[in-house]
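# Chain and residue survey
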Amino acid sequence: MNITLYNTLTRRKEEFTPITPGKVGLYTCGPTVYNYAHIGNLRTYVFEDVLKRVLLAAGYDVRHVMNVTDVGHLISDADEGEDKMEVGARRERKSVWETAQFYWDAFRADMRHLNIIEPTVWCRATDHIAEQIDLVRTLEQKGYTYEIKGDGIYFDTSKCPDYGKLARLDLEGLRAGARVTMAAGKRNVTDFSLWKFSPKDRKRQMEWDSPWGVGFPAWHIECFAMALKHLGQRLDIHCGGTDHIPVHHTNEIAQAESALDHKWVNVWLHGEFLTMPAGDGEERMSKSSGEFLTLQLLINRGYDPLAYRLFLLGAHYRQQLAFSWKALDAAAHAFARLKRAAIDLRPRHTDQQPVERYLNEFRQAASDDLNMPRCLAAMWAAAGDADADKGAVYATLLAMDDVLGLGFDRMEDPAAQVDEAEAAEIERLITERNDARKNKDFARADAIRDELTRRGIVLEDRPEGTTWRKQ
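Let us look at the structure shown here. The residue numbers shown here count from 1 along each chain, following its written sequence. It should be noted that, the model being predicted, local features are given only for residues of pLDDT at least 70 and side-chain atom pairs only at 80 or more, the latter also being counted only at that level, while totals for whole chains, interfaces and linings use all residues. Note that water and hydrogens are dropped before the side-chain values are worked out from all heavy atoms of the structure.

### Observations regarding the sheet that holds strand S13 (residues 265-271)
Formally: When DSSP finds two or more bridges between a pair of strands, those strands are recorded as paired. The helix count covers DSSP runs of H or I at least four residues long, the strand count covers runs of E at least two residues long, and both are numbered beginning at the N terminus. Comment: axis = line fitted to C-alpha atoms, over the contacting stretch for helices; angle = value between 0 and 180 degrees taken between N-to-C directions. Here, residues are in contact when the closest pair of their heavy atoms is within 4.5 Å.
On the basis of which strands lie adjacent, the open sheet formed by five strands has the order S7-S4-S3-S12-S13 and parallel pairing. Each end of this open sheet is capped by a strand with a single partner; those strands are strand S7 (121-124) and S13. Across this sheet, the average inter-strand angle for adjacent strands is 20°, counted without regard to direction. Strand direction decides the pairing type here: strand S4 (residues 61-68) and S7, joined by four bridges, are parallel. Bridge pairing links Asn-67 to Cys-123 in S7. Each of S4 and S7 is contacted by helix H3 (residues 96-113), which is oriented at about 155° to S7, the strand it contacts most. Here helix H8 (residues 245-260) sits on the sheet and contacts strand S12 (235-241) and S13; the angle it forms with S12, its principal contact strand, is near 155°.

### Section: the packing of aromatic side chains
Operational definition: A pair of Phe, Tyr and Trp rings is counted when the ring centres sit within 6.5 Å of each other, with Trp represented by its six-membered ring. The angle between the planes then sorts it: under 30 degrees is stacked, over 60 is edge-to-face, the rest tilted. A ring is scored as having a charge over it whenever the NZ atom of a lysine or the CZ atom of an arginine sits within 6 Å of its centre and within 35 degrees of its normal.
Within this structure, the stated rule accounts for 18 aromatic pairs. Ring-pair connections join several aromatic residues into one group, and the members of that group are Tyr-303, Tyr-308, Phe-311, Phe-323 and Trp-325. We note Arg-318 situated over the ring of Tyr-6; from NZ or CZ to the ring centre the distance is 4.1 Å.

### Regarding the sheet that holds strand S10 (residues 192-197)
With antiparallel pairing, the four strands of this open sheet are ordered in space as S8-S9-S10-S11. The open sheet has two edge strands with one neighbour each: strand S8 (145-148) and strand S11 (215-217). Pairwise comparison of adjacent strand axes, ignoring direction, gives a mean angle of 25° for this sheet. Here S10 runs beside S11; their pairing, made up of three bridges, is antiparallel. Pairing of Trp-195 across the sheet is with Pro-217, part of S11. Where H8 meets the sheet, its contacts fall on strand S9 (152-155) and S10, and the angle it forms with S10 comes to roughly 85°.

### Brief notes about the packing of helix H13 (residues 372-383) against helix H14 (residues 390-404)
Selection rule: Any angle that falls under 35 degrees is termed roughly parallel, while one over 145 is termed roughly antiparallel, one within 65 to 115 roughly perpendicular, and all others oblique. Note on convention: the crossing is left-handed when the near helix lies turned anticlockwise from the far helix by less than a right angle, right-handed when the turn is clockwise. Basically, the charged four are Asp, Glu, Lys and Arg, the nonpolar ten are Ala, Val, Leu, Ile, Met, Phe, Trp, Tyr, Cys and Pro, and anything else, Gly included, counts as polar.
Remark: H13 packs on H14, axes separated minimally by 9 Å, with the N-to-C direction vectors making an angle of 165°. Taken together, the axes of H13 and H14 lie roughly antiparallel to each other. Crossing handedness for the pair H13 and H14: left-handed. For the pair H13 and H14, contact is made by Met-372, Cys-375, Leu-376, Ala-378, Met-379, Ala-382 and Ala-383 and by Val-393, Thr-396, Leu-397, Met-400, Val-403 and Leu-404, respectively. Among the residues making up the contact of H13 with H14, the classes are represented as 12 nonpolar, one polar and no charged.

### Side note on unusual backbone geometry
Worth spelling out the cut-off: Think of it in three bands: with a 1.4 Å probe and only protein chains considered, a residue is buried below 20% of the maximum accessible area for its type, exposed above 50%, and partly exposed in between.
Here Asp-261, not a glycine, exhibits a phi torsion of approximately 65°, which is positive. Relative to the helices and strands, Asp-261 is located in the loop between H8 and S13. Residue class for Asp-261 comes out exposed when judged on its relative accessible area of 57%. Of note, Lys-440 is a non-glycine position whose phi angle comes to about 60°, a positive value. Here Lys-440 shows up in the loop between helix H15 (420-438) and helix H16 (442-454).

### Looking at the nonpolar core
To keep things clear, this is the line we draw: Residues belong to a common nonpolar core when they are buried Ala, Val, Leu, Ile, Met, Phe, Trp, Tyr or Cys residues joined through side-chain atoms within 4.5 Å.
One finds Ile-237, Tyr-308 and Leu-404 to be the most contacted residues of the largest nonpolar core, which totals 135 residues. In contact with Leu-404, other than residues within four places in its own chain, are Arg-309, Leu-313, Phe-362, Met-372, Cys-375, Leu-376 and Met-379. Leu-429, Leu-452, Ile-457 and Leu-459 belong to the second largest nonpolar core, which has seven residues in total.

### As for the environment of Tyr-34
Relative to the assigned elements, Tyr-34 resides in the loop between strand S3 (23-28) and helix H1 (39-57). For Tyr-34, a relative accessible area of 12% translates into the label buried. A C-alpha to C-alpha distance of 22 Å links Tyr-34 and Glu-283, two positions 249 residues apart in sequence. Other than its neighbours up to four places away in sequence, Tyr-34 contacts Lys-84, Met-85, Gly-88, Arg-91, Thr-99, Tyr-103 and Lys-287.

### With respect to the pattern of salt bridges
Keep this limit in mind: Salt bridges are defined by distance alone: a side-chain nitrogen of Lys or Arg within 4 Å of a carboxyl oxygen of Asp or Glu.
In the structure shown here, the tally under the stated rule is 24 salt bridges. Asp-368 serves as the salt-bridge partner of Lys-13, at 2.6 Å between the closest nitrogen and oxygen. With Lys-13 in strand S2 (residues 12-15) and Asp-368 in the loop between helix H12 (356-367) and H13, this residue pair connects regions lying 355 residues apart in the sequence. The residue Lys-165 makes a salt bridge to Glu-257 at a minimum N-O spacing of 2.8 Å. With Lys-165 in the loop between S9 and helix H5 (171-176) and Glu-257 in helix H8, this residue pair connects regions lying 92 residues apart in the sequence. We classify Lys-165 as partly exposed; its relative accessible area is 29%. Residue Glu-257 is classed as buried on the basis of its relative accessible area of 18%. If you follow the salt bridges from partner to partner, you end up with Glu-425, Arg-428, Glu-432 and Arg-444 in one network.

### Observations concerning the side chain of Ser-198
By the secondary structure assignment, Ser-198 is in the loop between S10 and S11. Aside from chain neighbours lying at most four places away, what touches Ser-198 is Arg-204, Glu-207, Val-214 and Gly-215.

### What about the state of the cysteines?
Spelled out, the test is: Any two cysteine sulfur atoms lying within 2.5 Å of each other are counted as a disulfide.
Under the criterion given, the structure shown has zero disulfides. The thiol of Cys-29 is unpaired, and the distance to the nearest cysteine sulfur, on Cys-223, comes to 4.0 Å. Sulfur of Cys-123: no disulfide; nearest cysteine sulfur belongs to Cys-223 and is 7.9 Å away. Its relative accessible area of 1% is what places Cys-123 among the buried residues.

By themselves these figures say nothing about function.
This is the structure we're talking about:
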């Protein structure tokens, strides 16, 4: 496949050409492990998983590196506030190390639930302190740094002529507002920290000796150091959420290209936000309020996590996606239909070849900047083709699933029986639903049907009454 990708740096779709033929170096910004990932965070990781699957399907050898930020990410991306890890440890009443391990384990569990392929290399910031110190020294020797007494070592963005090119920042406008917004000691409003000094009034759980004093690395230098160590001086692709564009990834580029004296990343890809209804509009999901939706909450409410993955695939990764329980219910219904179709088709499969017209449509959509809505359209067309050989249709779905990651080959047979107690509860709910429909309480009737769907129960309304089956 000839793959085209939308490069944030150039603001256009470009045909992807790797630095080394047949190989791809991919770096994706990973979790800051001070709390659970919310379902908006997970949208980014699903998009990156689709990217990797498309590259693998095209025959590339993908070396995927993902960081684990377990130190240095402050509450404010602008180098202000407390370290998120220290905040998380205090909330959990655990050590920072225990907190980091707990939430990293939880994040990996979310990845397994969503059928996200793990990276080739996991790298923790705390395992790369020496590399980060070396890079700060390199930037210091090249004249890019200065010290703010009692605060830390900063990068002087005025020494970087094309600073802000990724985000296309209005630097003059930022400078005009610097008198109001700039922290004490900064030379320029866009300058950012490379190494932070430990506070004098308390001892941090995570701190290290350095040429400049006891302290800890800043967030931006961490990703550059780990990408450099595990992928080399030039990267094919670097990914993250759109919130990384104006600060984190902009600062990564500035320090990397200043240290290396050449272009660092060929293609930058960014996934858009998941939004939530809030007041009169919608806001992106965030942890700042302390109330956010986790994948485990969806599971606890009876949703298959792969139904959430299907929901995410229904929108292009560069488009904002509004979350609602109604929309998730629709995805759950669709996933149940898809599961039923896959299980019904499986016995007909005896190593047939896929239906090429559907697979070609799918591949063209996948290679066109990961257009998953079009991929799903091709998948549904194949699944619903009553004239095609059933075994060939199943082979088509399996081939498509290499990219979709919906787990067609692992979908369980719905013939499993429920016990008497569960059957009695289902019958009770069906009776309640039928009564609600007679009383024109359609909202309650729909709610009961949705509840049963989440529990894997499919209803069929017939003239002689309602029947049900386990999906």
